[in-house]
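Spelled out from the first residue to the last, the chains are:
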2 protein chains.
Amino acid sequence: MKILVQKFGGTSVANLECMKKVREKVIAGLENGYKMVIILSARAGDTNKLLALADEWSATPDPAECDALVATGEQVSITLFSMLLKDAGIKARSMLGFQLPIITDDTFGQARIRSIDSDAMITAFKDYDVLVIAGFQGCTENKRITTLGRGGSDTSAVAVAAALGSVECEIYTDVEGVYTTDPNLCSSAQKMTKISYDEMLEMASMGAKVLHIRSVEFAKKYKVPVRVRSTFSDNPGTLVTQEDSTMEAVLVSGIAYDKDQSRVTLRGVPDKPGIAATIFGPLSERGVLVDMIIQNVSLDGDTTDMTFTISRKELDKALAICEDIRHDIGIEEILHDDNVAKVSAIGVGMRNHSGVAARAFAALQQEGINIMMISTSEIKITILIQEKYLELAVRILHDAFGLDWDIG
Amino acid sequence: MKILVQKFGGTSVANLECMKKVREKVIAGLENGYKMVIILSARAGDTNKLLALADEWSATPDPAECDALVATGEQVSITLFSMLLKDAGIKARSMLGFQLPIITDDTFGQARIRSIDSDAMITAFKDYDVLVIAGFQGCTENKRITTLGRGGSDTSAVAVAAALGSVECEIYTDVEGVYTTDPNLCSSAQKMTKISYDEMLEMASMGAKVLHIRSVEFAKKYKVPVRVRSTFSDNPGTLVTQEDSTMEAVLVSGIAYDKDQSRVTLRGVPDKPGIAATIFGPLSERGVLVDMIIQNVSLDGDTTDMTFTISRKELDKALAICEDIRHDIGIEEILHDDNVAKVSAIGVGMRNHSGVAARAFAALQQEGINIMMISTSEIKITILIQEKYLELAVRILHDAFGLDWDIG
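Residues numbered from 1 in each chain as written. Chains lettered and ligands numbered in written order. Predicted model: local features only at pLDDT ≥ 70, side-chain atom pairs only at ≥ 80, totals over all residues.

**Structural notes on the relation of the copies chain B and chain A**
Phase 1 of the analysis: The operation relating chain B to chain A is a screw motion whose rotation component is 179°, with 0.0 Å of axial translation and a residual RMSD of 0.3 Å. Accordingly, the operation relating the two chain copies is best matched by a two-fold axis. By C-alpha distance to the rotation axis, the residue of chain B lying nearest is B:Thr72, at 2.7 Å.
Phase 2 of the analysis: Taken together, the interface assignments show that 100% of the residues at the interface of chain B recur at the interface of chain A, consistent with an identical surface on both copies. (Least-squares fit on C-alpha atoms with pLDDT ≥ 70 in both. Contact = placed C-beta atoms within 7 Å.)

Shown next as C-alpha cells:
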C-alpha cells in the first residue's frame, strides 16, 4: 500500500472554491495509486474568530477549555472537505485527534505529540481511500482535547507521516517552495530543489515562515521527506530531506533575516561566576524570549559588557526587568537600540569549509555596512546590523555566496 | 452526594449576557449543596448556520460528516460557559459526548442513546463541582460523532439524569412551565404544578413544544423527575413526574391542538382483509407520516371509507401516492381538505371516569362547531374540526373542563 500525506493550510481551505482546488490534488494522488492522508488546518480566519470569542468570554480563558473551543475550527474544515470528496464519489472520512488518537501531553495550547496510533489509519484504509485528519489537535490520555500551538498542523502532518513509516509528506502553501532568500527583498532569489533538515531549521527560526519549526525537528528525527509546494501550481516545490554530498558541496544555501529585533546592552556588569544566570533568570521567568546573547571578554578583569537581542514588543518589559535587578547586581549602565535587524547565512557546507565568515564580513564592509554583533553556529553565521541596511545586506550576501543561480 | 441536572436551550446561552444569567442558576444550585451537571444546546442560530454550510458544500451532505460538523455548535457553547464558571472561581469542566461517553447507535442525525457511563461523571466530581456537558451529541462504539436529532438536548439531559440514578432534571426554557392550554389562544390558561409523563407525552406530540417527546419517553422509562421552568424567573415551573392520586382526581388536565393538519378521505374502498396495509404501506415507504386514521364500519358489506390526516406540506405527496394505487385497489373517489385542525383533551383521570367524551362533544355542539372526526385513546380525546373554529374550540373545552383555575 502506497501512502501519501498532504497538508493544506487555512488559505488553501478558506472557502468552497479553494477546497475544490485541493480536491484536484487529492484526485491526482489517487490516480497515481496512492491511499491518501489529508491533514487540514481550520479555514482562514476561523481560529482567530474562536480565540476572539474566548477573549470576549474571559479575561484569562482556561487553556483546556480554549483548546476544546479552538479545535472546532479543524472539525469544521475536515467534515466539509470530506463531504466534498464524497460528492465526487471518493471513499473518504474525517478523523479527529481523539479518533485516531493522536496522544499528546497536557500542555494545553502548546501540547507535544507523544504517540500516534497508525493502526486506526491502516484499518480505515480497508473501507476508505482518503482519510481527512484534523491538524493542530490531539488529546491527552484522559481524552481531553489539546492543540499543538500556532502552525501545529505542519507538525500533525509530519507526525502522521512518521507514524505511517516515514512516507512522503507534502506541505501545501501559497509559495512555490523554499527560496535562497526572501524574493520580496532580492529579485534574484532562487527556489531550492532540496534543502537539509538542519538548514531548514535555521531558515525557519529566522522567520522564513514556510514550515513550522517543530515539524522540521520531527521530520529530522523520523527522517520524513517533506516537500514544500504550492496549492495553486504543479511546481514540484522544495524537498526537505537528509543531508547529502551535493548539499555539502554548497557553502551557503540561503540567506535569512529577521527585522523584529531590538538590542539591550548592560555596561559595567561585575565579571563573576553566575552573573549570566542572575540576569537571564528573571527575563526567562517573566516570559521574555532572548535571542542572541553576547558577553565580551572582560578587559579590566572586574567588569564586562553583556548584550542581548529580543523581539521589539518585549523591549519595554525587558528594560523594566533590567532596572529591577540593576542595583542588586551593580550594572553601570543600560543601553538599548530598536533600529536593528539580523541577517544570517546558512549552509551545511560551512561544516567543512573555512572562510565563510570572512567572506561575509568583507562583502558587508565593502558596502560600508557596520557590523554590530556577530554570532555563529556550526551551519549559520548571524550578523546584527542597523535596520536601514537590511535589504542591502541581504542582497550583498546573496550575491557574495553565488545564490543568484539555481543551486538545485 | 446530591446531584442536580439542569439543561439550557439555545436562547438561554445565545450570548455572554444570557450565559451570565445561566451562571446564576448554577451558583444557586451550588449554594444549595448540589454537585451540578449542566447540559447545554448550541448558541441560538449556530446549528442552523452549520447546517447551511453543509448544504452549501454538498447537495446531499454525508450524514456522518454532517453530525461531526453540527456537533461543534455544542462544543463552542460548553467550552465558553466553562470558562465563565472558572472566572467565577467555580471548579468546572466541559465534557463532550465522546468524553463521557454517551454511546449511541449509528443512525447519524437521529441517533438513539444506548448507554451513558456515569463512572466518568462520578470520577470527575472528585475534582470538579460542575460538569458542563454537550447536549444533542453522542458517539458510536467506533468513536464516530452522532447527533440525536432536533430537540435532542432534552433527551441528553434526561438520559444523563437517569444514568446518575434518576436525579431531578430541570429543563430551562423561555416559558414558565407547562400550561393547561396555549396562553396565546386562551387567556385563562393556567400553569400546571404537576403533570404525569403520559399526559406530557400526549401534550408534546400535539405540538406543545416545551419538551422533546423522546426525552419524556426516557423520563417515564427511568422515572426521572423533570421540572420545566424559565431561565428568566424563579418560578418553580411544572414537574413532570409519575402519576399520582391527585392527578387521577382531575378529569382533564390540558387542552392541546395542532393546526398543521390536512385530511384525505378514500371513498368506496373494497372492504377486505389487508386493505389498510395496501394503502398505508406505500405512504410509509415514501416517508409520509400519517397521524389520525379512521375506518368506518362497512354499511353495504362490500366497500368502506378510509380517512386519515397528515401534515399539510405532505398533502400533495400523499394525494399522488393515493392516485398511484387507486386503480390497483379500486378506490371510488379521493377527497381532501386542508382547512382542518385538531384539538385534544388530555388527562389520566379519563381512565377511571366516563362521560368525558360526551361532555366535550356537548360543549362544542352548543357553540355550533361541527365535529369531522373523532379519535380516542386511554387518556386523550382528539377531535378534528374546521380550522376557523380552532381558537373557539380550545377556549370552550378549556372552560368545559374547569381548567381556568390553577389545578396544582
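Here the narrative resumes, following the displayed structure.
**Describing the domain arrangement of chain A**
Residues and elements named next belong to chain A.
Phase 1 of the analysis: Domain boundaries assigned for chain A yield domain 1 (3-242) and domain 2 (255-400).
Phase 2 of the analysis: Placing a centre on the C-alpha atoms of domain 1 and another on those of domain 2 gives a separation of 34 Å.
Phase 3 of the analysis: Listed as interface residues are 15 residues of domain 1 and, on the opposing side, 14 residues of domain 2.
Phase 4 of the analysis: Per-element accounting of the side of domain 1 that touches domain 2 gives the leading share, 7 residues, to helix α7 (residues 197-208).
Phase 5 of the analysis: Grouping the constituent residues of the side of domain 1 that touches domain 2 by class yields 6 nonpolar, 5 polar and 4 charged. (Domains from an automatic or database assignment. Helix = DSSP H or I, 4+ residues; strand = E, 2+ residues; numbered from the N terminus. Nonpolar A, V, L, I, M, F, W, Y, C, P; charged D, E, K, R; others polar.)

**Some words on the packing of helix α2 (residues 46-57) of chain B against helix α3 (residues 63-70) of chain B**
Each pair of packed helices can be described by the angle between their axes along with the distance between the axes.
All names here are of chain B.
Phase 1 of the analysis: As a packed pair, α2 and α3 sit with axes 9 Å apart at the nearest point and diverge in direction by 145°. Like other packed secondary-structure pairs, α2 and α3 cross with a definite hand, here right-handed. Residues Thr47, Leu50, Leu51 and Ala54 of α2 form the contact with α3, whose own contacting residues are Cys66, Leu69 and Val70. (Axes fitted to C-alpha atoms, helices over the stretch in contact; angles between N-to-C directions. Left-handed = near helix turned anticlockwise from the far one by under 90°.)

**Some thoughts on the sheet that holds strand β2 (residues 35-40) of chain A**
Residues and elements named next belong to chain A.
Phase 1 of the analysis: The strand order across the open sheet formed by 8 strands is β3-β6-β2-β1-β9-β11-β12-β10, and the pairing between neighbours is mixed. Only two strands of the sheet have a single neighbouring strand rather than two, namely β3 (92-95) and β10 (194-196). With direction set aside, neighbouring strand axes in the sheet form an average angle of 20°.
Phase 2 of the analysis: Two elements, strand β11 (residues 226-230) and strand β12 (residues 238-241), share 3 bridges in a ladder whose sense is antiparallel. From the neighbouring strand, Val226 faces β12, where its bridge partner is Val240.
Phase 3 of the analysis: Docked against the sheet, helix α4 (residues 72-87) engages β2, β3 and β6 (130-134), running at close to 165° with respect to β6. (Pairing = 2+ DSSP bridges.)

**Examining the confidence of the model for chain A**
Phase 1 of the analysis: Across chain A, the average pLDDT comes to 92, with 98% of residues at or above 70.
Phase 2 of the analysis: At the level of chain-chain contacts, confidence expressed as ipTM amounts to 0.83, with global pTM at 0.84. (pLDDT = per-residue confidence, 0-100.)

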